[in-house]
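A structural walkthrough
Here's the letter readout for the chains.
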Amino acid sequence: MSQLVIKGLQVGVETDSGMTEILRGVDLTINSGEVHAIMGPNGSGKSTLAYSIAGHPKYTITGGSVTLDGVDVLEMSVDERAKAGLFLAMQYPVEVPGVSVANFLRTAATALRGEAPKVRTWVGEVKEAMSKLAMDPAFSERSVNEGFSGGEKKRHEILQMELLKPKIAILDETDSGLDVDALRIVSEGVNRVKQEQNLGIMLITHYTRILRYIKPDFVHVFAGGKIVEEGGPELAERLEEKGYAQYVKA
Amino acid sequence: MSGLPTNYLTPTGREEAWRFTPLKRLNGMHDSATSVIDRISIELVGSVRTGFNIETVSATELPPKSTTEDVIIQRVRATASKVTHLKIDKEAIVSEPIFLKRSAGVEKEFSRTVVTAGAHSKATVVVENEGAGSIGEEIEIRLEAGANLTFISLQEWNENAIHLGRHHAIVGRDANFNSITITVGGSLVRLLPTVEYSDQGGSAELLGLYFATDGQHLEHRVHVEHGIPNGKSRVTYKGILAGAQARTVWIGDVFIRGNAEGTDTYELNKNLLLTDGARADSVPNLEIETGQIVGAGHASTTGRFDDEQLFYLMSRGIPMSEARRLVIRGFFGEIVNKIGIESVEERLMNRIDSQLAKVGGQ
């Protein structure tokens, strides 16, 4: 049982004209096995929340705290956060030319497990995870994210999540740019990992479409850098009808 | 002793072709007042000669087919009395790579080599440059119609070597020239990987990689001369610099002459600076005299580590030092993995690793 606790989180970015505040006090607790949908209009700070929890150097924490099972996450380096059990599936996964998917996955697994996975079982593990996500085995030999289609990039993110076995995963607009088939495959992958590993999930999305495949336990509406309304799955349905207009300041 | 007729050729460093090169470090090889010996410095590794032959012939018997304005190469041509001729038989498919080993002696020396790829032949030639010494050399590579040749030049010199060379390909009708130039050693290396076409339908791919650490000057002056219609060229050179006095120069001259309709060319140079004080010059230069072409482009980037790449790798639990190593190895690997000879690829990556370890990989 794991618990990610975000309290009063304030985050800014350094710009030419000084610090610009993006997150204005976010409170959120995610337990193992729970799915929290974070929904909100573009520019509301959803991605900033995801990236600042993962430790992206662009963001400066100006207040509040983030703990995983009581341990301060904000004090950790980016790789330490992953070792502690956090995973961020990125909206725009980065290309790393010349580094094969196979090499990348193995290096990450070695770092997280503290020892190199046994070649025999590892190869099987990767193959199986790939086939569940309907990925071509030839994928392993390609450079990380280089020349991947939108759907391939997202599948590759979920593949990593499946293999690296985090405690809490943040999915940043994993549904964006996916056609219906890809969305279904990716969603099934997320549900499978949640089931098998009792994963806690922060599901960031602009649309309700993905919530038909991944059922949220809680829905949080994000606007102006904080959570402005919370509820159950029914809140998502209301958003589907009425949109975000009521939350955006005139 | 009146050196006037030749002395005026000695570069002063103000010439466009020499403005990046520290002439003081050439050991006088550019200076017509310095004597340089005539010695064959290249030999075949092993004894198998199936599908090809190698022999030494007199320079008058095998004069250069190309012209050059490079002073060093003019001196090489004037000095070399003999030429090593590697001749791949017409229609021969040579499945194993042909290794040529070059070693320099203690004296300054010049040498000439000609590689002839017979019509419709297919072969890979690897020149391995190792050890110390001061060497000026020219390799003229002649591809007859339909020939397919991969030419790999590895500069794995030790830290004192001076290497001034021209590797010039003359690409015949529908011939395919692939070259991979990898420079990781040497105090001063100045290479001229150049290409011209003797007939239509020829294609050339020039790949290069250089890694300069403290004190090394590594210069590559690519020149592709499209003077014939329907030629194709692709140039990709990548460099990494580490150490305060690491210095690289990349020139990419591509000329599309007025009659070279249907030309298709693209050149790319990417440099990764790992430390402060290193300097990479990158000068792509595309001159187009006809609009009737398929495509022509160039790109050049010089920068530091991509923070987004490091963040991505680290967010998967990979520590910073390991993430950097992955990115650097990936950067090199894109070129090294094209060699296709596992033992050579491994040797190069190991050398790169150990050089990186020395400079701390920062």
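Computed from a prediction, not measured in an experiment: that's the story for all the values here. Every chain begins its residue count from 1, and numbering advances along the sequence as written. Here every chain gets a letter starting at A, and every ligand a number starting at 1, in the order they are written. In view of the model being predicted, local features appear only for residues whose pLDDT reaches at least 70, and side-chain atom pairs are presented and counted only at 80 or more, with totals across whole chains, interfaces and linings using the full set of residues. Water and hydrogen atoms play no part in the side-chain values, which are based on all heavy atoms of the structure.

Examining the overall build of chain A
- Only runs of H or I of at least four residues qualify as helices and only runs of E of at least two qualify as strands under DSSP, and these elements are numbered from the N terminus. Scanning chain A from terminus to terminus reveals 7 helices and 12 strands.
- Our radius of gyration looks at C-alpha atoms and nothing else; its globule reference is 2.2 Å times the residue count to the power 0.38. Taking 2.2 N^0.38 as the reference for a compact globule, 250 residues should give roughly 18 Å; the C-alpha atoms of chain A span a radius of gyration of 18 Å, in line with that estimate.
- Classification of the 250 residues of chain A by burial places 55% in the buried group.
- Contact definition: two residues touch when any of their heavy atoms are within 4.5 Å. A fraction of 71% describes how many contacts in chain A between residues 6 or more apart in sequence connect residues 24 or more apart.
- Of the roughly 11000 Å² that chain A leaves accessible, carbon and sulfur atoms contribute 49%.
- Between the centroid of the 28 positive side chains of chain A and the centroid of its 34 negative side chains there is a distance of 3 Å. Throughout this description, buried means an accessible area under 20% of the type-specific maximum (1.4 Å probe, protein chains only), exposed means over 50%, and partly exposed covers the range between. Values of accessible area rely on a 1.4 Å probe in the Shrake-Rupley scheme; residue burial ignores everything except the protein chains shown. Residues scored as charged are limited to Lys and Arg (positive) and Asp and Glu (negative), so that His and the chain ends carry no count. To locate a charge, the coordinates of NZ of Lys, CZ of Arg, CG of Asp or CD of Glu are taken.

Some words on the packing of helix α4 (residues 320–336) of chain B against helix α5 (residues 342–359) of chain B
All names here are of chain B.
- Axis angles are defined between N-to-C directions and span 0 to 180 degrees, where every axis is a line fitted to C-alpha atoms and, for a helix, only to the segment in contact. It is at 11 Å that the axes of α4 and α5 come closest, and there the two elements cross at 145 degrees. Remark: the crossing between α4 and α5 carries right-handed chirality. For the pair α4 and α5, the contacting residues are Arg325, Ile328, Arg329, Phe332, Gly333 and Val336 in the first and Glu345, Leu348, Met349, Ile352, Asp353 and Leu356 in the second.
- Each residue gets one label: Ala, Val, Leu, Ile, Met, Phe, Trp, Tyr, Cys and Pro are nonpolar, Asp, Glu, Lys and Arg are charged, and the others, such as Gly, are polar. Residue composition of the contact of α4 with α5, by class: 7 nonpolar, 1 polar and 4 charged. Helix crossings get a hand from a simple test, with the near helix turned counterclockwise from the far one by less than a right angle marking a left-handed crossing and a clockwise turn marking a right-handed one.

A word on the pattern of salt bridges
Residues and elements named next belong to chain B.
- Between Lys or Arg on one side and Asp or Glu on the other, a salt bridge is scored when a side-chain nitrogen of the former is within 4 Å of a carboxyl oxygen of the latter. Counted according to the given criterion, the structure contains 34 salt bridges over all chains.
- Between aspartate 281 and arginine 279 there is a salt bridge whose closest N-O contact spans 3.1 Å.
- Judged by relative accessible area, aspartate 281 falls into the buried class, the value being 13%.
- Classification of arginine 279 by relative accessible area gives partly exposed; the value is 44%.

Here we look at a negative patch on the surface
Residue and element names in this part refer to chain A.
- Nonpolar side chains (Val, Leu, Ile, Met, Phe, Trp, Tyr) within 5 Å and like charges within 9 Å form the patches, drawn only from residues with over 30% relative accessible area and no salt bridge. The grouping of Glu234, Glu237, Glu240 and Glu241 at the surface amounts to a negative patch.
- For glutamate 241, the position within the fold is in helix α7 (residues 233–242).
- A relative accessible area of 68% means that glutamate 241 is categorised as exposed.

Overview of the packing of aromatic side chains
All names here are of chain B.
- Ring geometry is summarised as follows: Phe, Tyr and Trp rings, the Trp one being its six-membered ring, pair when their centres sit within 6.5 Å, and such pairs are stacked at plane angles under 30 degrees, edge-to-face over 60 and tilted between the two. On inspection of all chains with the given rule, the structure shows 5 aromatic pairs over all chains.
- Taking 6.4 Å as the distance between ring centres and 40 degrees as the angle between the ring planes, the aromatic pair formed by tyrosine 237 and tryptophan 250 counts as tilted. Residue tyrosine 237 is found in strand β15 (residues 232–241), and its partner tryptophan 250 is found in strand β16 (residues 247–256); the two are separated by 13 residues along the sequence.
- Tyrosine 237 sits in the buried class, given a relative accessible area of 0%.
- Lying over the aromatic face of tryptophan 18, arginine 190 brings its terminal NZ or CZ to 3.6 Å of the ring centre. Only when the NZ atom of a Lys or the CZ atom of an Arg is both within 6 Å of the ring centre and within 35 degrees of the ring normal do we say a charge sits over the ring.

A word on the sheet that holds strand β4 (residues 59–68) of chain A
All names here are of chain A.
- The 4 strands are arranged β2-β1-β4-β5 in an open sheet whose pairing can be described as antiparallel. The sheet is open, and its two borders are formed by β2 (18–31) and β5 (71–72), each paired with just one other strand.
- Here, strands pair whenever DSSP counts at least two bridges between them. In this sheet, β4 lies alongside strand β1 (residues 3–15) in antiparallel orientation, the contact comprising 8 bridges. Across the sheet, the residue bridging to valine 11 is isoleucine 61, located in β4.
- Lying on the sheet, helix α1 (residues 46–54) is in contact with β1, β2 and β4; it crosses β1 at an angle near 105 degrees.

Observations concerning the packing of helix α3 (residues 101–113) of chain A against helix α5 (residues 150–164) of chain A
All names here are of chain A.
- Taken N-terminus to C-terminus, the directions of α3 and α5 make an angle of 35 degrees; their axes are 10 Å apart at the nearest point. Here α3 runs over α5; the crossing is right-handed. Contacts between α3 and α5 involve Val101, Phe104, Leu105, Ala108, Ala109, Leu112 and Arg113 from the former and His156, Leu159, Gln160, Leu163 and Leu164 from the latter.
- Per-class residue counts for the contact of α3 with α5 are 9 nonpolar, 2 polar and 1 charged.

A few points about α5 of chain B
Residues and elements named next belong to chain B.
- To estimate how far a helix should reach, multiply one less than its number of residues by 1.5 Å. Across its 18 residues, α5 extends 26 Å between first and last C-alpha, which sits within 8% of the 26 Å expected from 1.5 Å per residue.
- For α5, the complete set of buried residues consists of Val344, Glu345, Leu348, Met349, Ile352, Gln355 and Leu356. Taken end-on, α5 shows its buried residues confined to a sector of 125 degrees, consistent with a single buried face. Along α5, exposed side chains directed more than 90 degrees from the buried face belong to Glu342, Ser343, Ala357 and Lys358.
- Taken together, the buried residues of α5 touch β5 (98–103), β9 (148–157), β11 (176–183), β13 (203–212) and α4. The reported arc concerns the directions from the helix axis to the C-beta atoms and nothing else.

A few points about the interface of chain A and chain B
- At the junction of the two partners, chain A supplies 33 residues and chain B supplies 17 residues.
- Buried area is a sum: the accessible area each of two parts loses on coming together, probed at 1.4 Å, counted once for each and added. Of the roughly 2000 Å² buried between chain A and chain B, counting both surfaces, carbon and sulfur atoms make up 70%.
- Counting the contacts that link chain A with chain B gives 1 salt bridge.
- Linking arginine 316 of chain B and glutamate 157 of chain A is a salt bridge whose minimum nitrogen-to-oxygen distance equals 2.6 Å.

Description of the confidence of the model for chain B
Residue and element names in this part refer to chain B.
- Per-chain confidence: chain B averages 93 in pLDDT, with 97% of residues scoring 70 or above.
- Confidence of the predictor at the level of single residues is captured by pLDDT, which takes values from 0 to 100. Under a pLDDT of 50 for its full length, residues 1–7 has, in the predicted model, 4 contacts with residues more than four places off or in other chains.
- Reported confidence for the predicted complex is 0.96 by ipTM and 0.85 by pTM.

A short note on the sheet that holds β13 of chain B
Residues and elements named next belong to chain B.
- The 9 strands are arranged β2-β5-β7-β9-β11-β13-β15-β17-β19 in an open sheet whose pairing can be described as mixed. On the outer flanks of this sheet lie β2 (42–44) and β19 (295–303), each paired with one strand and no other. Across the sheet, the mean angle separating the axes of adjacent strands is 10 degrees when strand polarity is ignored.
- Pairing analysis gives 8 bridges linking β11 to β13, with the strands arranged parallel. For asparagine 176, the partnering residue across the bridge sits in β13 and is serine 203.
- Here α4 sits on the sheet in contact with β11, β13, β15 and β17 (264–273), set at roughly 150 degrees to β15.
- Here α5 sits on the sheet in contact with β5, β7 (122–131), β9, β11 and β13, set at roughly 30 degrees to β9.

Brief notes about the pairing of strand β3 (residues 35–39) of chain A
All names here are of chain A.
- Burial analysis of β3 places 5 of its 5 residues in the buried class, which makes it a mostly covered element.
- Note: β3 against strand β10 (residues 200–205), 5 bridges, orientation parallel. Looking at the pairing, isoleucine 38 lines up with isoleucine 204 of β10.
- One ladder, built from 4 bridges, connects β3 with strand β11 (residues 218–223); its direction is parallel. Within the sheet, the bridge partner assigned to alanine 37 lies in β11 and is valine 219.

Some points on the nonpolar core
- Among buried residues, those of type Ala, Val, Leu, Ile, Met, Phe, Trp, Tyr and Cys that are joined through side-chain atoms within 4.5 Å constitute a nonpolar core. Grouped together as the largest cluster of nonpolar side chains are 119 residues, with contacts concentrated most on Ile6 and Met202 of chain A together with Ile182 and Ile339 of chain B.
- For this core, the element with the highest residue contribution is α4 of chain B, accounting for 8 residues.
- Once you skip the residues sitting within four places of it in the chain, isoleucine 182 of chain B turns out to touch Ser153, Leu154, Gln155, Leu209, Ile335, Val336, Ile339 and Leu348 of chain B.
- Within the second largest apolar cluster, 50 residues are counted, among which are Ile141, Ala169, Ala204 and Leu241 of chain B.

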